[in-house]
Amino acid sequence: MINDEWVAIGYLFSAALFIFGLKNLSHPRTAPRGNQLGAMGMLVAVLTTVLQMELGEGIVGWALIGGGLLLGGAIGWIMAVRVEMTGMPELVALFNGFGGAASALVALSESWKYIENESLELPTGLEIQVVVVAAGLSALVGWMTLTGSLLAMLKLKGGVEIFGKWIRVPTWGPEWLNPIKALLFLGALVLIVLAIDDPTNTDYLYAIIGISCLLGILLVLPIGGADMPVVVSLLNSLSGIAAAFTGFIFSNSVLIVAGSLVGASGLILTFIMCKAMNRQLKDVLFKSFGGSDKEQVTRTKVGSDADEVAMMIDGAQKIIIVPGYGMAVSQCQHQVKEFADLVSEKFDTEVKYAIHPVAGRMPGHMNVLLAEANVPYEQLIEMSEINPEMPEADIALVIGANDTCNPAARTGEGPLAGMPIIDADAARTVVIIKRSLSVGYAGVDNDLFFMDKTMMLFGDGKKMMNELNSAVKEL
Amino acid sequence: MDPTMLIGSITLFALSIFLGFELITKVPATLHTPLMSGANAISGISIVGALVGANVVYAGGDTLVSGILAFIAVVLAMINVVGGFAVTNRMLNMIAGKKRGGNR
C-alpha cells in the first residue's frame, strides 16, 4: 500500500530534477546532463503516478495506459530519430502543439466524464468552481497552443503541398484584428465563468474549444516567418501554463510545478531570443507588416562562374564565410569545410565563419550543421565579434543567407528594420551563392546582391560549392 | 476540497513561476533551440494528468468517450515527452560535435 506521503515525495523528487535539468540546459557544458535530468524527472513522475494508481485504487485501464505509453513513445522516438537537421524547428513546434493538445484533452476528458455518465455525482462547492475554471483555462490555453503551433510549423516549412500543389502559408493580420483577439479572449473567459453553474452544458464546452482554436490561428497568422522561432518559444511557454492549469484540476503538485516552471522560463527565453534579434515581443506579436506582398524583382545582376570566383580567391588573405538557410537546405556544410581546408592549405588563407544569431530557421542552426562537418568551434564567430573584422576580409562568402546580411535592415523601415545584420557588404569582395535574386524569408529585396563588388553564383549550394572547390584545386 | 488545499496549490503555482523566471538568466544563442526543446519536453508533464484520466471505468456506468479522450492525451503527451527529449539529445550531441554511435 502506497500512501499519499510517498507520492508527494516522488513528485517532489521529480520536480527537483526538472529544476536542475532546466538550470543545466542553459549552460553549454552541462546542457546534455540537463536534458538527461529532465528525462529522469519525467520517468520518476510517470512511475510515481502509475504506482500510486496501481497500489491505490488499482489500475483498471491497463490497456489504455500501457498501450498509450508504448504507442506515443514509439511514435515520438521514431519522429525524433528520423528528422533531418533542417526539419528540427518544425518538429519542435509540432511536439509543442501535441503537448498543448494533451493538456486540453485531459481537461476535456475530465468534463466529459460527467456528461456521458449522469450517475457520477458532480463535486460541489469550492471544488466544482476550481475544477471548472482550471479545466476551462487549460482548454483555452491548450487548444490555442495546438492550432498556433501547427500554423507555426507550416510557416516554418513555408507552405503545404496539397494534391501536388505548393501553397504558401499566408501572413495576414491588419491592425483591427488585435481588438477582436482581445474580445475573443474575454469571451472565452466569460464562458468559463458561466460554465461554473452549468458544467455539463456541451454548448459552453464547444464554444470554448472553438474560440481557443481560432485564437491560436489569429495569434500566429500575422507574424512573419523570420520571427517564427520567437513565436514557437512563446507557444512553448503557453503549453507549460496549460499543463499547470491541468494540475489544478487534480490538485497535482508535479503538474503545477513543472508546468509553471516551463511557462515562466519559456517566457524568459522568449525575451532573450527577442533581444538577440533586437526586437520587442509586443512588436513581434501585434505589429503586422501587412502581409507578404512580395516586391517584384526588376533589377538584374549578371551571374559569375566558379572559375572567376576561384581567381578572386587566389591570394586572398582572409575569407569570412556567412552561412544561411540555403546551406542547411542543400546540406553543403561538408563542402564548405572542404573549401575552408583547401584555401587555408593552398593559399594560407585565414578562414572564419560569421554566425548570425538567427541564421537558418532556429537559433544555433548553423553551429549545429558546421559542428557536424567538424568545423573547429573557435572558427565560428558571433555576429557582434565578426562585424569589426569584416572590412579586413578580402572576401565574404555568403552561402544561402539573405535577410541576415540585408543592408535594408539598417534603414529603419520594413519587416527587417532594426534587426542586427552581418556586415558582409563591408568586405572587399562579396561572393554570394544563391539560387536566384528573389527575396528572402522576410520578403525584402536585398541591395547587397546588386552592389558592384558582389559576385553572384547562381545555383544550389552543394553544386556550386563542389564547382568552386574543383576550380580552386585547378588553380 | 478544502480551501487550504487550493491555497496550497496556488502557493506552489506562484513560487514555481518566480523560480522559473529566476532559473534562466543568460543563455548563449547556440542553446536557445535545445533549451526550448528540452523545456517543451518537460511541458509534456500533462502525461501525469492523462494517465489518471485514462484509468477510468467507474462503477455504475461507463465513461468510454472520456477514456478514449484521455488515451489520445496519453499518446500525444508521450510523443511530446519522448520525442522532445530525444530530439534535444540529438541537437546537443551535434553541438558538442561528438558523434556517438547509435542513439542514447
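Above this text is the structure in question.
We now turn to the structure provided with this report.

Criteria and cut-off values
Residues numbered from 1 in each chain as written. Chains lettered and ligands numbered in written order. Predicted model: local features only at pLDDT ≥ 70, side-chain atom pairs only at ≥ 80, totals over all residues. Heavy atoms only, no water. Helix = DSSP H or I, 4+ residues; strand = E, 2+ residues; numbered from the N terminus. Buried < 20%, exposed > 50% of the residue type's maximum accessible area, 1.4 Å probe, protein only. Contact = heavy atoms within 4.5 Å. Areas by Shrake-Rupley, 256 points an atom, 1.4 Å probe, with all protein chains shown as cover. Lys, Arg positive; Asp, Glu negative; His and termini not counted. Charge placed at Lys NZ, Arg CZ, Asp CG, Glu CD. Pairing = 2+ DSSP bridges. Axes fitted to C-alpha atoms, helices over the stretch in contact; angles between N-to-C directions. Buried area = accessible area lost by both parts, 1.4 Å probe. Salt bridge = Lys/Arg side-chain N within 4 Å of Asp/Glu carboxyl O. Polar contact = N/O pair within 3.5 Å; in protein donor to acceptor, adjacent residues only side chain to side chain. Nonpolar A, V, L, I, M, F, W, Y, C, P; charged D, E, K, R; others polar. Parallel < 35°, antiparallel > 145°, perpendicular 65-115°, else oblique. Left-handed = near helix turned anticlockwise from the far one by under 90°. Phe/Tyr/Trp six-rings, centres within 6.5 Å; stacked < 30°, edge-to-face > 60°. Core = buried A, V, L, I, M, F, W, Y, C linked by side-chain atoms within 4.5 Å.

1. Description of the overall build of chain A
Scanning chain A from terminus to terminus reveals 16 helices and eight strands. If you line up chain A on its principal axes, its C-alpha atoms span 85 × 50 × 40 Å. Across the 475 residues that make up chain A, the buried fraction comes to 60%. Nonlocal contacts in chain A, meaning residues at least 24 apart in sequence, comprise 77% of its contacts between residues at least 6 apart. Counting only carbon and sulfur atoms, one obtains 61% of the accessible surface of chain A, whose full area is about 19,500 Å². Across chain A, the 30 positively charged side chains and the 46 negatively charged ones have centroids separated by 6 Å.

2. Brief notes about the sheet that holds strand β4 (residues 350-355) of chain A
Residue and element names in this part refer to chain A. Reading across from one edge, β5-β4-β3-β6-β7-β8 is the order of the six strands in this open sheet, with parallel pairing throughout. In this open sheet, the two strands that pair with only one neighbour each are β5 (380-382) and β8 (454-458). Taken over all neighbouring pairs, the strand axes of this sheet differ in orientation by 25° on average, direction set aside. By the bridge criterion, five bridges tie strand β3 (residues 318-323) to strand β6 (residues 395-399) in an arrangement that is parallel.

3. Some thoughts on the interface of chain B and chain A
Each side of the interface is counted separately: chain B has 87 residues, and chain A has 104 residues. Regarding the contact of chain B and chain A, the summed buried area is about 8,500 Å², with carbon and sulfur atoms giving 76% of it. Linking chain B to chain A there are zero salt bridges. The interface formed by chain B and chain A includes 15 residue pairs in polar contact (both at pLDDT 80 or more). Going through the elements one at a time, α1 (3-23), α2 (32-42), α3 (46-54) and α4 (64-96) of chain B are the ones with two or more residues in the side of chain B that touches chain A. Ranked by residues supplied to the side of chain B that touches chain A, first place goes to α4 of chain B with 30 residues. Of the residues contributing to the side of chain B that touches chain A, the split by class is 54 nonpolar, 27 polar and six charged.

4. Structural notes on the packing of helix α2 (residues 31-55) of chain A against α3 of chain B
α3 of chain B packs onto α2 of chain A with a crossing angle of 20° between their chain directions and a minimal axis gap of 10 Å. Of the possible angle classes, the one that applies to α2 of chain A and α3 of chain B is roughly parallel. Judged by the twist between their axes, the crossing of α2 of chain A over α3 of chain B is right-handed. For the pair formed by α2 of chain A and α3 of chain B, the contact residues are M42, A45, V46, T49, V50 and M53 of chain A on the first element and I47, V48, L51 and V52 of chain B on the second. Looking at the contact of α2 of chain A with α3 of chain B residue by residue, the classes come out as nine nonpolar, one polar and no charged.

5. Focus on unusual backbone geometry
Residue and element names in this part refer to chain A. Unlike most non-glycine residues, S251 shows phi in positive territory, near 50°. You can see S251 is positioned in the loop between α8 (228-250) and α9 (253-276). Although it is not a glycine, Q331 adopts a positive phi angle of roughly 55°. Inspection of the secondary structure puts Q331 in the loop between α12 (325-330) and α13 (333-346).

6. With respect to the pairing of β3 of chain A
All names here are of chain A. With six of six residues buried, β3 lies mostly within the body of the structure. Side-chain alternation along β3 places K318, I320 and V322 on one buried face and I319, I321 and P323 on a second face that is also buried. The pairing of β3 with β4 spans four bridges and is parallel. When the sheet's bridge partners are listed, K318 is paired in β4 with E350.

7. A look at the side chain of S111 of chain A
Within the secondary structure, S111 of chain A is located in helix α4 (residues 88-116). Setting aside residues no more than four positions away along its own chain, S111 of chain A makes contact with A135 and L205 of chain A.

8. Concerning the side chain of T270 of chain A
All names here are of chain A. Secondary-structure assignment places T270 in helix α9. Judged by relative accessible area, which is 0%, T270 ranks as buried. Within the structure, the side chain of T270 is placed 2.6 Å from the backbone oxygen of G266, a separation counted as a polar contact. The residues contacting T270, other than those within four sequence positions of it, are V230, S233, L234 and L281.

9. So, the pattern of salt bridges
Residues and elements named next belong to chain A. Scanning the entire structure with this criterion turns up 11 salt bridges over all chains. Here K318 makes a salt bridge to E389, at a shortest N to O gap of 2.7 Å. Of this pair, K318 sits in strand β3 while E389 is found in the loop between α15 (383-386) and β6, placing the two residues 71 residues apart along the sequence. On the basis of relative accessible area, E389 is assigned to the buried category, the value being 17%. A salt bridge links D425 to R410; the nearest nitrogen and oxygen atoms lie 3.0 Å apart. With D425 in the loop between β6 and β7 (429-434) and R410 in the loop between β6 and β7, this residue pair connects regions lying 15 residues apart in the sequence. Beyond isolated ion pairs, a larger network of salt bridges with shared partners links K318, E350, K352, E389 and E392.

10. Topic: the packing of aromatic side chains
A full pass over the atoms with the stated rule returns four aromatic pairs over all chains. Here F449 of chain A and F450 of chain A contribute two aromatic rings whose centre-to-centre distance is 6.4 Å and whose plane-to-plane angle is 55°, an arrangement assigned as tilted. Judged by its relative accessible area of 0%, F449 of chain A is buried. Clustering of aromatic rings is evident, with ring pairs tying together F245 and F248 of chain A together with F13 of chain B.

11. Quick look at the nonpolar core
Counting residues in hydrophobic clusters, the biggest one holds 168 residues, and the most contacted among them are F339 and Y353 of chain A together with I45 and I47 of chain B. At 17 residues, α4 of chain B tops the list of elements feeding residues into this core. The contacts of Y353 of chain A, once residues within four sequence positions are left out, are I321, V336, K337, A340, L370, V375, Q379, L380, I381 and I386 of chain A. Judged by nonpolar contacts, the second largest core, of 22 residues, contains V398, A427, L448 and F449 of chain A.

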